[in-house]
Amino acid sequence: MSIQIKTVKTTRPLPKPDQSDLGFGRYHTDHMFIMDYTSGIGWHDARIVPYAELELDPSSMVLHYGQAVFEGLKAYKSRDGRVLLFRADKNAERLNISNDSVCIPPIDTEITVEAIRKLVDFDREWIPAAEGTSLYIRPFVIATDPYLGVKASATYKFIIIMSPVGSYYAEGLNPVKIYVETKYARSVKGGLGYAKVPGNYAASLKAQVEAKKKGYSQVLWLDGIGHKYIEEVGTSNVFFIVGDEVLTPSADGTILAGITRATSIELLKSWGMKVIERKILFSEIADAMNAGNLKEAFATGTAAVISPIGELCFDGRVMTVNDSKIGPVAQKLYDTITGIQSGKIADIFNWTTEV
Ligand code: COI
């Protein structure tokens, strides 16, 4: 399916930021994509316009009841000047899983991918080329009915904005310290843990703030019922290498089925490693640690790609993983994924598409 996307070019292009100090999400490109939804009409009026503030009725439902979803993906500039998108089709599919979770009408996945491609192309000079940088793409949908009763909105806006980024964590690829959270819960089965909805991220803030005060970068979430099973690290999926097995929690309702998670699993399997997706007790990992069998722990996500875990604090006890150094598997995953994303390594999986 193809759509007409009207374009309006900015008359006031912004200066590009210094590529050596981008951080994450601090800057935005010159343009954004917007498409409206009206019940009875469907999605309409796709357009690329200068990046600007939104005009929203203060009664807009998203502001009161959080009916919204989002995605995150990246575009890269390769050394030979090509612009590459990584697995955008997967983000478009997951957007609809999230849409369904909060009663937002689906968006044709081909339209989502086309909108992303066109916006990336429009602002292609914003894609940074320095090592470790990329253009982070943030599609999101918000409910716009001006109404204070609780119901599914009849109008929405699908918006895509973009931000040139460096590394997500200040630590870069250095191992991060993680606090094992036993008080707060992120989600429970039957809830929205599997969807990329803002509420999940709002629900993670208090634990994150408290962990930061204790000197930790992020929390390791345990299940919301008994606080026994491992779920996610901060906003990322998590992997443990125990002996010669790679363990990761199964994505069965309470965690996000990450695209970097799926990519990592496919790569690890292609290297002949044994990857097991199952429920994992935190006590198993602690036991493996005590027995000297925990080789590596790392998180996977679009923003940070691979984030090694150097320390876990559980119940006041500090456990150091792999001497707080990045392990060989985490390093190989990072090098391979970012190598494919940036066109340095041959893409035998067909994960990238050129814009
Ligand atoms: C990711 O790992 O890509 C995330 O979900 C983090 C993002 C919300 C900034």
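Computed from a predicted model, the values in this text were never measured in an experiment. Each chain has its residues counted from 1, following the order in which its sequence is written. Residue-level local features of this predicted model are given only where pLDDT is at least 70; pairs of side-chain atoms are given and counted only at 80 or more, and the full residue set underlies all totals for whole chains, interfaces and linings. Hydrogens and water are ignored here; the side-chain numbers use all heavy atoms of the structure.

Some details on the pattern of salt bridges
It is possible for side chains bearing opposite charge to pair when their charged atoms get close. Whenever Lys or Arg places a side-chain nitrogen within 4 Å of a carboxyl oxygen from Asp or Glu, that contact is recorded as a salt bridge. Applying the stated criterion to the full structure yields 18 salt bridges. The salt bridge involving Lys183 is made with Glu210; its shortest N-O contact spans 3.4 Å. A residue pair is termed long-range when its members are at least 10 positions apart, and Lys183 in the loop between β9 (176-181) and α4 (198-213) and Glu210 in helix α4 qualify at 27 residues. One network of salt bridges, with partners in common, ties together Asp36, Arg47 and Lys157. Helix numbering and strand numbering both begin at the N terminus, where a helix is a DSSP run of H or I of at least 4 residues and a strand a DSSP run of E of at least 2.

Quick notes on the site of the ligand
The rule for a residue being near a molecule or strand is that one of its heavy atoms must lie within 4 Å of it. Surveying the vicinity of the ligand reveals the residues Phe24, Tyr136, Arg138, Tyr168, Lys196, Tyr201, Thr235, Gly301, Thr302 and Ala303. Polar contacts here mean pairs of N or O atoms no more than 3.5 Å apart (in protein, one a potential hydrogen donor and the other a potential acceptor; neighbouring residues in sequence count only if both atoms are side-chain atoms). One of the side-chain N or O atoms of Lys196 is found 2.8 Å from an oxygen atom in the ligand. In this description, accessible areas are obtained by the Shrake-Rupley approach with a 1.4 Å probe, and a residue is regarded as covered only by the protein chains that are shown. Contact with the protein chains removes 90% of the 280 Å² of surface that the ligand exposes when unbound. Note on residue categories: nonpolar means Ala, Val, Leu, Ile, Met, Phe, Trp, Tyr, Cys or Pro, charged means Asp, Glu, Lys or Arg, and polar means any other residue, Gly included. Here the residues of the shell around the ligand are counted per class, giving five nonpolar, three polar and two charged.

Here we look at the packing of helix α2 (residues 88-101) against helix α3 (residues 109-122)
One can describe the packing of α2 onto α3 by two numbers: an axis separation of 9 Å at closest approach and a directional angle of 130°. Relative to α3, α2 is oriented oblique. Here the hand of the crossing between α2 and α3 comes out right-handed. Across from Ala88, Asp89, Ala92, Glu93, Leu95 and Asn96 in α2, the residues of α3 making contact are Thr109, Thr112 and Val113. Residues belonging to the contact of α2 with α3 are distributed by class as follows: four nonpolar, three polar and two charged. Geometry is summarised by axes, namely lines fitted to C-alpha atoms with helices restricted to the contacting stretch, and by angles between N-to-C directions that run from 0 to 180 degrees. Geometric relationships in this document are graded by angle, where less than 35 degrees denotes roughly parallel, more than 145 denotes roughly antiparallel, 65 to 115 denotes roughly perpendicular, and other angles denote oblique. For a crossing to be left-handed, the near helix must be turned anticlockwise from the far one by less than a right angle; the clockwise case is right-handed. In what follows, residue pairs with any heavy atoms lying within 4.5 Å of each other are defined as contacts.

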